[in-house]
Structure formats: C-alpha cells, structure tokens
Amino acid sequence: MAAASDLHVDSVLSLITKQQDGFLYLRQIVNRLGENFKQILQSISSDDRLKTLQIRDNKTGMTILHIAAANSDTETVEMILDCVSEEERYILLSAQAWNQFTPIHFACLSDNSSLLDLMIRLFKEETRYKLLQITSASGSTPLHWSALRGHTQAISTIADSLTAQHLLHLLGITDDYGKTPLRRAQYGGKLAAADLLQDYQTKALIDVALQQADQTGSNSIQISLLYLQRLEFPRRPSTVFDYSFYGV
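Residues numbered from 1 in each chain as written. Predicted model: local features only at pLDDT ≥ 70, side-chain atom pairs only at ≥ 80, totals over all residues. Heavy atoms only, no water.

Digging into the side chain of Ser-136
Structurally, Ser-136 can be placed in the loop between helix H10 (125-132) and helix H11 (142-149). Residues within four places of Ser-136 in sequence aside, it is in contact with Asn-99, Gln-100, Phe-101, His-105 and Trp-145. (Helix = DSSP H or I, 4+ residues; strand = E, 2+ residues; numbered from the N terminus. Contact = heavy atoms within 4.5 Å.)

So, the nonpolar core
In this structure, Phe-37, Val-77, Met-119, Ile-158 and Leu-197 are the most contacted members of the largest nonpolar core, which totals 66 residues. The leading source of residues in this core is helix H15 (residues 191-216), at seven residues. Those residues within four positions of Met-119 in sequence are excluded, and the remaining contacts are Ala-69, Val-77, Leu-81, Leu-93, Pro-103, Ile-104 and Ala-107. (Core = buried A, V, L, I, M, F, W, Y, C linked by side-chain atoms within 4.5 Å. Buried < 20%, exposed > 50% of the residue type's maximum accessible area, 1.4 Å probe, protein only.)

Observations concerning the pattern of salt bridges
Any two side chains of opposite charge can pair, so long as their charged atoms come close to each other. For the coordinates displayed, the defined rule picks out five salt bridges. The shortest N-O distance in the salt bridge between Asp-82 and Lys-38 comes to 3.8 Å. Remark: Lys-38 occurs in helix H3 (residues 37-43) and Asp-82 occurs in helix H6 (residues 74-82); sequence separation between them is 44 residues. Residue Asp-82 is classed as partly exposed on the basis of its relative accessible area of 45%. Glu-88 is the salt-bridge partner of Arg-49, the closest N and O atoms lying 3.9 Å from each other. Note that Arg-49 is positioned in helix H4 (residues 46-53) and Glu-88 in helix H7 (residues 86-94), a separation of 39 residues in sequence. Both residues of the pair, Arg-49 and Glu-88, belong to the buried class. (Salt bridge = Lys/Arg side-chain N within 4 Å of Asp/Glu carboxyl O.)

Describing the environment of Gln-165
For Gln-165, the location among the structural elements is in helix H13 (residues 164-172). Taking the relative accessible area as the measure of exposure, Gln-165 reaches 37% and is therefore partly exposed. Spatially, the C-alpha atoms of Gln-165 and Val-208 are 6.4 Å apart, while their sequence positions differ by 43 residues.

With respect to unusual backbone geometry
One non-glycine residue, Ser-72, lies in positive phi territory at about 55°. The exposure class of Ser-72 is partly exposed, given its relative accessible area of 28%. Located in the positive-phi region is Asp-111, a residue other than glycine, with phi close to 55°. Its location among the elements puts Asp-111 in the loop between helix H8 (103-110) and helix H9 (113-120).

Below you can see the structure in the form of structure tokens.
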C-alpha cells in the first residue's frame, strides 16, 4: 500500500469509508500526515469533511477530536477546528462518546487550560454556555469534572468565559448524585478548587445583585446581602452537610 502522504484525496476518503474500522485508519492517517492532513480536510467538500471527522471508534464512540482532547493534543485539535465552520465546530465539540463525554469534558480532565480555551473561545457566549451544560453519563458537566479532579486552571477558564448569570446556573447544576461542582470539590478533598469555586460564586452573586439593583433602582447593598445568603457553606468543611442550593 502506498504511503498515506502519496494518496490522492479521493483515495484517502475512499479508504477511510471502506475500512472495516474506518476510525483506526483515520487515526493512522492523522498521525502520519500531521499538519498535511489539514490540506486534505480543506480540499474536500464540507459534507465530506464533517463525515470524515465524525467517524467513531466502535468500542468507545470517540471521534478523532475526542482522542486529541483526551491526549491533550492541542496541535491536532487546532488543526481540525481551523478547517471547519462555526456550525461544524459546534457539532464536533458537542458530540458525545458512549460515556457521554464531549471533547470539552476530556480537556477538563487533563486540566489543559489552553486547549480548553481553544475549544470554546471562538463561540459567542450563549453558545459557549450551551456547550458547557452538556453532561456526561453521570450527569456531570465539564465543570463538575474539573472540580472533582481539582483542576483550578480549567475551572478559571470556564468561569471567566461566562456571564455572571450563566456561571451561577452552571454552578447550580447537580449531577446524578445530587452534587454541584462545589460539592464535588469538597467531597473529593480538593480544597483549592473548592475555594476557587466559592470565590467565583461570591463574585457572580454580587455581580448579579448589582445588575438587578441598577435595573430596579434598589439598594445594591441590601440586594447583595440577600444574594450572598444563598452561598454554599461551610467554606472548608470538616464534614460536608447537605445544604440546599440557591435557585437562579
């Protein structure tokens, strides 16, 4: 068989689709061609490009973008995202493997903030927020996994990318075990992550309170105090109690 780099674009696409395990062959081509694979993606139609990048591993349901994110392969992720439209980028980044992980979940597991930022920064805030709400099989958002692993850089990247209102909603999402990201960090003994999450929560609550005060002409201090009463406490618990979370 000729080297992948010698194959005509149509031949590459044909071999990918005809292989019994097209995903395995696709990985081999990407690994062999590297940056040159970008030229193949750019030279084919949008439909063929998306079909190629949506080829899944039969065992895990992972696409080539999932694999790159799981391996913290920023170069491959950037190469793929540079070749697709915003709509296609959303389709690829919202794709869930058999465990319901998106590529963004995998980026949070590796605590690669530059990779995570690369994945979400080009979207409008509303779309970014929508991507970050996608949950894995355990009902966990990317922020849950960042908190569970104690990955403070990933936490900051997510929190800094959202409006205060959207961040509060994301902080309030509970997984299938009834845990918010903050609770996940606390139960896992990730105190630095727990402190960071509570700092973001405090700031977001105050920001929302001030926005409400500006809109209604109310006393900003009184409204801020009311919002702060919704915080999850204790800050550094020796035993984590079951406090009810605020509603946003």
